[in-house]
Amino acid sequence: VDYFNGARLVVETPKDPIYSSNGANVTLPCHYHYEPDMEAKRKIRIKWSKLRDDYTKEQDVLVAIGKTYMAFGDFRGRAHLLQAGQRPASLLVSDVRLQDDGKYRCEVIDGLEDESDVVELRLRGIVFPYQPPHGQYRLNFHEAERVCQDQGAILATFHQLFQAWSEGLDWCNAGWLADGTVQYPIRLPRKPCGGLHLAPGIRSYGPRHRHLHRFDAFCFSSALRGEIFYLGRPAGMTLEEAKQSCQDAGAEIARVGHLYSAWKFQGLDRCDAGWLADGSVRYPITKPRANCGPAEPGVRTFGFPSEGRFGVFCYKER
């Protein structure tokens, strides 16, 4: 094969995913070289793009020529070319966000030579099913996106749901995922959940109409940037009193995603039920014990009580 410049351009990225968490800084490694080795005779162009899971669409992240580079969209001010070594091509992303999870293409362009490779960024997080106050199967796709955002989360991807299933998530209600499909994870096959004859796994309804069809949502949240604490009164509080109590403490009433994240990543364990921002009442248990619900760890829920007085979980950003 005759290569441009008489050498083959090779681009390499890690084959294993790179793991990070919400609010952290992460480097996506990318290296290039020539076979046989040689020095580039012109300025190399580096382009980073974020891919959809099916590779059908790309989002521009950063373009660089020499030491000059420009980031785009949500990555502006957060994406930088790591200026280390003689052939810098690695991408540094600061203040990682939930939406950053996914596959990235590192493309190196030298004249007519154009080679690329893909690296995957995965956020450590937790998937939780969500139903709104008005009941089961009430959300179209766009409403599901909004309710997850309202809870400090985003719609989960398939690989995030699969990871949650592998860690023990078993949920019989179908929910939207970020790609517009509707699925649900089953660990223990049973008649109402696809039947006894099916093996454990992710049950799929496939792509659904994003406006007309209605289901629940699977939301994804990562590590917290702040802390959660509980406030209580002997007589309890109404929802409005709970919100005010958090404000008086220099915080805000916690969202559902905050509580799940604190339960998973900070080991929050509280047997007292408390209000959350969506009007639900929940409590997190990491060490199951008598009078604190089932024998498994989890976030317990009392639903959306229209009356009643409870404590409150507050969230304060660092």
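Residues numbered from 1 in each chain as written. Predicted model: local features only at pLDDT ≥ 70, side-chain atom pairs only at ≥ 80, totals over all residues. Heavy atoms only, no water.

For the protein, an unreviewed UniProt entry supplies the name HPLN3 protein and the organism Semnornis frantzii. As stated in UniProt under Subcellular location (unreviewed entry), the record for the protein gives "Secreted, Extracellular space, Extracellular matrix". (UniProt positions renumbered as here; feature names shortened; annotations may be inferred.)

A. Representation of the overall build of the protein. On a plain count of helices and strands, the protein comes out with four helices and 23 strands. Along the three orthogonal principal directions, the C-alpha set of the protein runs to about 80 × 50 × 35 Å. Considering only residue pairs separated by 6 or more positions, the protein has 60% of its internal contacts joining residues 24 or more positions apart. For the protein, the separation between the mean place of its 41 positive charges and that of its 39 negative charges on side chains is 3 Å. (Helix = DSSP H or I, 4+ residues; strand = E, 2+ residues; numbered from the N terminus. Contact = heavy atoms within 4.5 Å. Lys, Arg positive; Asp, Glu negative; His and termini not counted. Charge placed at Lys NZ, Arg CZ, Asp CG, Glu CD.)

B. Structural view of the UniProt feature "domain: Link" (unreviewed entry) in the protein. As annotated in UniProt, the feature "domain: Link" (unreviewed entry) corresponds to residues 126-221 and 226-316 in the numbering used here. As a span, residues 126-221 carries 20% helix and 29% strand, and end to end its C-alpha atoms are 5 Å apart.

C. Spotlight on the sheet that holds strand 3 (residues 26-28). Taken in spatial order, the three strands make up an open sheet running 3-9-8, and their pairing is antiparallel. The open sheet has two edge strands, strand 3 and strand 8 (79-81), and neither has a second partner. Going across the sheet, the axis of each strand differs from the next one's by a mean of 25 degrees, ignoring polarity. Relative to strand 9 (residues 91-93), strand 8 is paired through three bridges, and the arrangement is antiparallel. Among the inter-strand pairings, Ala-79 is bridged to a residue of strand 9, identified as Val-93. (Pairing = 2+ DSSP bridges. Axes fitted to C-alpha atoms, helices over the stretch in contact; angles between N-to-C directions.)

D. How the structure looks around the sheet that holds strand 5 (residues 45-51). Overall, mixed pairing links the six strands, which are arranged 2-11-10-5-6-7 in an open sheet. With partners counted over all chains shown, the strands left at the sheet margins are strand 2 (18-20) and strand 7 (68-71), one partner each. Each strand axis lies, on average, 25 degrees off the axis of its neighbour in the sheet, ignoring direction. Note: strand 6 (residues 58-65) against strand 7, four bridges, orientation antiparallel. Following the sheet pairing, Ile-65 is matched in strand 7 by Thr-68.

E. Region of the structure containing the environment of Lys-264. Among the secondary structure elements, Lys-264 is positioned in helix 4 (residues 256-265). Between the C-alpha atom of Lys-264 and that of Ala-178, which follows or precedes it by 86 residues, the distance is 22 Å. Here the side chain of Lys-264 touches Glu-167 through a polar contact of 3.1 Å, side chain to side chain. (Polar contact = N/O pair within 3.5 Å; in protein donor to acceptor, adjacent residues only side chain to side chain.)

F. How the structure looks around the packing of aromatic side chains. Counted under the stated rule, the structure contains 14 aromatic pairs. When the ring of Tyr-184 is compared with that of Tyr-205, the centres are 6.0 Å apart and the planes differ by 85 degrees; the resulting orientation is edge-to-face. Residue Tyr-184 is found in strand 15 (residues 181-186), and its partner Tyr-205 is found in strand 16 (residues 201-207); the two are separated by 21 residues along the sequence. Following the ring pairs from residue to residue traces out a cluster consisting of Tyr-137, Phe-141, Trp-176, Tyr-184, Tyr-205 and Phe-215. Residue placement shows Arg-187 over the ring face of Trp-165; its charged tip is 5.5 Å from the ring centre. Seen from the ring of Phe-141, Arg-210 lies directly overhead, with NZ or CZ sitting 4.3 Å from the centre. (Phe/Tyr/Trp six-rings, centres within 6.5 Å; stacked < 30°, edge-to-face > 60°. Lys NZ or Arg CZ within 6 Å of the ring centre and 35° of its normal.)

G. Highlighting the nonpolar core. With 89 residues, the main nonpolar core has Tyr-32, Ile-46, Trp-48, Ile-228 and Phe-313 as its most contacted residues. Once residues within four sequence positions are removed from consideration, Ile-228 is found in contact with Ala-254, His-258, Leu-259, Ala-262, Gln-266, Leu-268, Phe-313, Cys-314 and Tyr-315. (Core = buried A, V, L, I, M, F, W, Y, C linked by side-chain atoms within 4.5 Å. Buried < 20%, exposed > 50% of the residue type's maximum accessible area, 1.4 Å probe, protein only.)

H. Structural view of the pattern of salt bridges. Going through the model one piece at a time under the given rule, you end up with 15 salt bridges. With a shortest N-O distance of 3.0 Å, Asp-117 and Lys-15 are connected by a salt bridge. In this pair, Asp-117 is assigned in strand 11 (residues 113-123) and Lys-15 in the loop between strand 1 (8-12) and strand 2, connecting sequence segments 102 residues apart. By relative accessible area, which is 16% here, Asp-117 ends up buried. Here Glu-240 makes a salt bridge to Lys-243, at a shortest N to O gap of 3.7 Å. Of this pair, Glu-240 and Lys-243 both sit in helix 3 (residues 239-248), separated by three residues, roughly a single helical turn. (Salt bridge = Lys/Arg side-chain N within 4 Å of Asp/Glu carboxyl O.)

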